[in-house]
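Commentary on secondary and tertiary structure
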Amino acid sequence: MGNNLRSRITTLCVGLVLLTTLLSLVSFWWSTSKFQAEKVQQNITVAQSVYKQYLKSKESLLLTAAKVLTADFGFKQAVATRDAATISSVLYNHSQRINADLMLLLDLSGRLVSANVNAQNFADNLQPLMDELLNNAEQSSFVVLNNQLYQVILLPVKTPRTIAYSLVGFKITSAVATELKSLTGMEVSFVAQLDDFATSSLVSQPDNFQPITYFTNKTTARFFAEYLAYENEQIALPSLQSHPINLLLSADLTSSYRDIEQLLLTLITLAVLTMLFGVITSSLLANNLTSGLSQLVVIARQFAKGDYRFKFEGKKQSSEIETLVSAFNNMGNDINKREQQISFQAHHDTLTGFYNRSAMLDLLAKRLTNDARYTLVAIDIKGLRHINDKLGPQVGDGCLIAVANRIRQFSDELGGFHARIGGDEFLTVYPCAEVEQVKCAVADLLKQLQLAYKVKNLKISLRFNAGIVQYPEQGTKADDLMRRVLIAVDAATTSQQSLHYYQDGEDEAHLERLIMLDELKQAIDDDNGQLFMTYQPKLNIKSQKIDKVESLIRWQRQDGRWVSPEVFIDLAEQSGLIVELTAWVVETVIAQIADWSKKDIHLQAAINVSAQDIAHSGFHASLVATLNKYQVNPSVVTIELTERDMIENEAQGIKALQDLKGIGVKISLDDYGVGQTSLGRLKMLPIDELKLDKCFILTLHESQKDQYIVRSSITLGHQLGFSVVAEGVETAESLSMLHEMQCDHAQGYYLSRPLKAQQLEQWLEEYQRVH
Amino acid sequence: MLERASQLIAKRRFLLIVGALFSVSAFGNSINLVIKDQHGQVLPNAVVEIKHLPSSKVQSNLPTAVMDQVDKQFSPQLLIVRQGQYVNFPNSDDIRHHVYSFSKAKPFQLKLYSGQPEEPIKFDNQGVVVLGCNIHDSMVGYIYVANSDQVYTSDEQGRIELQTDTFPVQASVWHSLQTAPLDNKKLFDIESTNPLSITINTSTPAPRNTFGSKFREGNGQ
């Protein structure tokens, strides 16, 4: 039997039935046996009284007969005559009359006078017998005479004095026993053991039949064992003291055993039937119970596989199961709902309901078939960050939803699909056959998108960048297409165009940039000479001494190819690697300053940093730590920032610059004159130096306008308390003009191109030797 | 019961007087006898007879003795007569009796009768005659037929006073309850005038008329 519910229920039911049956069986057995035993006892008691009554009446009969005999005058007369022949005939006659089997006449001394039967068989002197019988006057006794059992009575013959005794008796034969048996319903035996005599009502007597031995030892084979066949009761009959005679009543137990067995058999049959019934009903019950459960198990497995169809088949179940079924149903529905929700959330953007990026990739992969043609348009909302910052994220979200709606409208019309693939980026994919159609459609889309939006009662105009990729011409895999469309939209963003059609090879360039970035990172980490610093000297025009240098980074890749600093710094800025790069630069330059200082070369070095560096919270602490490390005076370090970098995060940037200034570091404004720095802003910047852009200097000696700008800028710088540096000085004329214009420092190829530290030292020696 | 006992005593006294008459008139020497049973108890109504050899002749002028039947009892219960004497059996009860005897001395029967029977019966053989009534089993009576003229009966104290002039003289003693057969008479010699004590073995008489009780029992009464 297993541990399952069905077998448990069945076991329980069958066990209960079995227990009940066994108990009732045992109790029936016990009570019936007891009842039967009592019945037998009762029968024996009845039999006893019956036999007593029987013998008593027999005795009465005997007594009556004997009395009649002994009182008969003729008899008395005959006895008185002492004539043997007469007496004998009288005895015979009277024995016939009263139907007595035995009739003896004894004289007073016990001698046999005469008998109704052959007298020779009797002992001559019957005095002992007579004496004992006289003691039981007028009561019958059982005696064995002449090998026969008699019930006898001894009566005196009186004339009127006793002149003789008459012994009258009935023979106790098996017929008597049989008659008693018919009255009592029991086997009746008369046993005179000492006289070696027995007679019994038993019909089929075995050889050498001894009633007592037979009846007390006789067994009968029944169901389980051999049982005694008779219940015996031995009763002493009135008899001679020296010759006891017993009556043996033997109740036949066979029928009682049979009755019990019959009953037991019936009970067992009933029990087996009940048990069968119990097994069947309990298994039906268990089946009924477990069929529901096993169905639920199947349904639960189905749920586990994600199939939430709920179909419960079966007859009417118990209310508990019904509850369970309905709970299962609810659970299935709830899980299904939740799963759909989760699945939707996993595949969709919660704000707009569009597919998300990964779902879009999956969808694309499915839709990209051989005969299909698609146009992928990535759309980037320009300046959404500003809207979020200024009008709050709710307005930003509102804008996103509004934009999404227009995109949906557009793409639905064309039978396409769409996704939100970034914070402010959407992608729409629609089937499109011709290139002309594409352009037309995209232009139409942008036009629609650029119409003003009304969000939270605000009228907002948005501008967009769009990148376009064609399937299958420009890519066949979903992720390629996705990457290329993003490259296209990035290109649109960087190129300030609103539209950019992906050009073949852009992807590879992008890939190349990624590789380069990886190598740059490796170069910073390894610091194995791929990256190195060059220093371009700055001439102090007034003193005609070289007292400053601008440190410039150079990168020669492992394969020997040079990478333009604009390219890799731009790359570092875009990827955030600029912070690490600047840290490396700062460390290298300050170490160099310290080195030079030891060589008694005193140069102030300028380091170019980006807006990201200034914004980086660790920059300040890192700089201070490095200065301390190399024991370098902060005043020999100049931080150069372009105008553009200063404008971004203005307030924060100014604060950071002020902090830097606080530790004694000098601040220089690079590329002054080509950016958007207003004079108003200029006066607020915490700078020490203005660095005129080289575009004014390169052709200074040829352009009158440049001369005006430079002269006024120098004057302005001086007026505002800044020193002024001119870079891009390539001719002696330019230098002399700058000298004349009282510019503080000059830098350019006329003096020297950027040099490695060692070359610079040589150059300085050479320079000092010449000048 | 009391009434019956006093009647019995009265009858015995009458017998004693009869015996005394016989003895006093004939002889001079008196001898005292005491009759006892085997247990030493004195026995009344024992009969002692003096033997005379040769036996005296039967007298012919003997008076007719009477054995009455009163209240379903013989009266007297013991009657002593001389050989050849007649006994009348009047019936004083208002019921009939059937008096009989199977004794060798005188078997007879007087079939159912009342009042006076036709004629008295002559007892011409000596011996003991046991009387019974066929229809009243409880009735028993004795007639002692003596051939001697000297017959005595013991009184309540078992005493007998004999009169004799010759010694030794042979005597016999008899009692109705003796264990010896009823016809037997124990002989003894009287050799002097010294008082004698004579012992007779007796048996207790069986209670009479107990059949009825058994019948009643037998009949379930």
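Residues numbered from 1 in each chain as written. Chains lettered and ligands numbered in written order. Predicted model: local features only at pLDDT ≥ 70, side-chain atom pairs only at ≥ 80, totals over all residues. Heavy atoms only, no water.

Some points on the sheet that holds strand β11 (residues 127-133) of chain B
Pairing within the open sheet is mixed, and its 5 strands lie in the order β6-β12-β11-β8-β9 (chain B). Both edges of this open sheet fall to β6 (78-82) and β9 (108-113) of chain B, since each of them pairs with a single strand only. With strand direction ignored, the average angle separating the axes of adjacent strands in the sheet is 20 degrees. As paired strands, β6(B) and strand β12 (residues 136-146) of chain B are joined by 5 bridges and run parallel to one another. Looking at the pairing, B:V81 lines up with B:V145 of β12(B). Against the sheet, helix α2 (residues 73-81) of chain A touches β8 (97-101), β9 and β12 of chain B, its axis set at about 15 degrees to β8(B). (Pairing = 2+ DSSP bridges. Helix = DSSP H or I, 4+ residues; strand = E, 2+ residues; numbered from the N terminus. Axes fitted to C-alpha atoms, helices over the stretch in contact; angles between N-to-C directions. Contact = heavy atoms within 4.5 Å.)

Some words on the packing of aromatic side chains
A full pass over the atoms with the stated rule returns 25 aromatic pairs over all chains. With a centroid separation of 6.3 Å and 50 degrees between ring planes, the pair formed by B:F89 and B:F123 is classed as tilted. In this pair, B:F89 is assigned in the loop between β7 (85-88) and β8 and B:F123 in strand β10 (residues 121-123), connecting sequence segments 34 residues apart. Overall, B:F89 belongs to the buried group, its relative accessible area being 1%. For B:F123, a relative accessible area of 0% translates into the label buried. Each member of the aromatic cluster is reached from another via a ring pair, and the members are A:F209, A:Y214, A:F215 and A:Y230. Above the face of the A:F170 ring, A:K58 is positioned so that its terminal group lies 4.9 Å from the ring centre. Between the NZ or CZ atom of A:K756 and the centre of the ring of A:F532, over which it lies, the distance is 4.3 Å. (Phe/Tyr/Trp six-rings, centres within 6.5 Å; stacked < 30°, edge-to-face > 60°. Buried < 20%, exposed > 50% of the residue type's maximum accessible area, 1.4 Å probe, protein only. Lys NZ or Arg CZ within 6 Å of the ring centre and 35° of its normal.)

Re the interface of chain A and chain B
At the interface, 17 residues of chain A touch 23 residues of chain B. Between chain A and chain B, a total of about 1800 Å² is buried, with carbon and sulfur atoms accounting for 58% of that surface. It is A:F73, A:P160 and A:R161 in chain A that bury the most area against chain B; as a group they hold 38% of the surface buried on that side. Notably, a salt bridge pairs A:K76 with B:D137, separated by 3.8 Å at the nearest N-O pair. At the junction of chain A and chain B, the tally comes to 2 residue pairs in polar contact (both at pLDDT 80 or more). Taken together, the elements giving at least two residues each to the side of chain A that touches chain B come down to α1 (5-71), α2 and β4 (148-158) of chain A. Take the side of chain A that touches chain B: its biggest share by element is 6 residues, from α1(A). Tallied by class, residues from the side of chain A that touches chain B come to 6 nonpolar, 5 polar and 6 charged. (Buried area = accessible area lost by both parts, 1.4 Å probe. Salt bridge = Lys/Arg side-chain N within 4 Å of Asp/Glu carboxyl O. Polar contact = N/O pair within 3.5 Å; in protein donor to acceptor, adjacent residues only side chain to side chain. Nonpolar A, V, L, I, M, F, W, Y, C, P; charged D, E, K, R; others polar.)

A closer look at the pairing of strand β6 (residues 187-192) of chain A
Residues and elements named next belong to chain A. Burial analysis of β6 places 6 of its 6 residues in the buried class, which makes it a mostly covered element. Of the two faces of β6, the one lined by E187, S189 and V191 and the one lined by V188, F190 and A192 are each fully buried. Pairing of β6 with strand β11 (residues 243-252) involves 5 bridges; the strand directions are antiparallel. Within the sheet, the bridge partner assigned to S189 lies in β11 and is L248. Judged from the 4 bridges that link them, β6 and strand β7 (residues 197-200) form a sheet pairing that is antiparallel. Of the residues in β7, the one forming a bridge with A192 is F197.

Re a negative patch on the surface
Where like charges cluster on the molecular surface, the negative patch consists of A:D525, A:D526, A:D527 and A:E580. Locating A:D525 in the fold gives a position in helix α14 (residues 506-526). (Patch = residues over 30% accessible without salt bridge, like charges linked within 9 Å, V, L, I, M, F, W, Y side chains within 5 Å. Areas by Shrake-Rupley, 256 points an atom, 1.4 Å probe, with all protein chains shown as cover. Lys, Arg positive; Asp, Glu negative; His and termini not counted. Charge placed at Lys NZ, Arg CZ, Asp CG, Glu CD.)

Brief notes about helix α25 (residues 757-770) of chain A
Since one α-helical turn is 3.6 residues long, residues separated by three or four positions face the same way. Residue and element names in this part refer to chain A. Taking 1.5 Å of rise per residue, the 14 residues of α25 would be expected to cover 20 Å, and the 20 Å separating its terminal C-alpha atoms lies within 8% of that figure. Turning to α25, its buried residues number three or more, namely A757, L760, E761, W763, L764 and Y767. Down the axis of α25, the smallest arc covering the buried residues is 165 degrees, so these residues share one side. Residues Q758, Q762, E765, R769 and V770 are exposed on α25 and point more than 90 degrees away from its buried face. (Expected span 1.5 Å × (residues − 1). Arc of directions from axis to C-beta.)

Considering the sheet that holds strand β13 (residues 151-153) of chain B
All names here are of chain B. Strand order in the open sheet made by the 4 strands is β13-β2-β15-β16, with antiparallel pairing throughout. Every other strand in the sheet has two partners, leaving β13 and β16 (186-190) as the edge strands with one partner each. On average, each strand axis in the sheet is tilted by 25 degrees relative to the strand beside it, whichever way the strands run. Here strand β2 (residues 47-50) runs beside strand β15 (residues 169-174); their pairing, made up of 4 bridges, is antiparallel. Bridging from a neighbouring strand, V47 pairs with W174 of β15.

Here's the deal with the packing of helix α7 (residues 254-304) of chain A against helix α8 (residues 319-347) of chain A
All names here are of chain A. Running from amino to carboxyl end, α7 crosses α8 at an angle of 10 degrees, the nearest separation of the two axes being 11 Å. Considering their axes alone, α7 and α8 lie roughly parallel with respect to each other. Judged by residue contacts, L289, G292, L293, L296, I299, A300 and F303 of α7 engage I321, L324, V325, F328, M331 and G332 from α8. The class makeup of the residues in the contact of α7 with α8 is 11 nonpolar, 2 polar and no charged. (Parallel < 35°, antiparallel > 145°, perpendicular 65-115°, else oblique.)

Things to note about unusual backbone geometry
Residues and elements named next belong to chain A. In the segment running from T159 into P160, the intervening peptide bond is cis, with an omega of -10 degrees. Structurally, P160 is set in the loop between β4 and β5 (162-171). A positive phi angle, close to 55 degrees, is found at N146, a residue other than glycine. Considering the arrangement of structural elements, one finds N146 in the loop between β3 (141-145) and β4. The backbone of D671 shows a phi angle near 55 degrees, a positive value even though the residue is not glycine. On the secondary structure map, D671 appears in strand β24 (residues 666-672).

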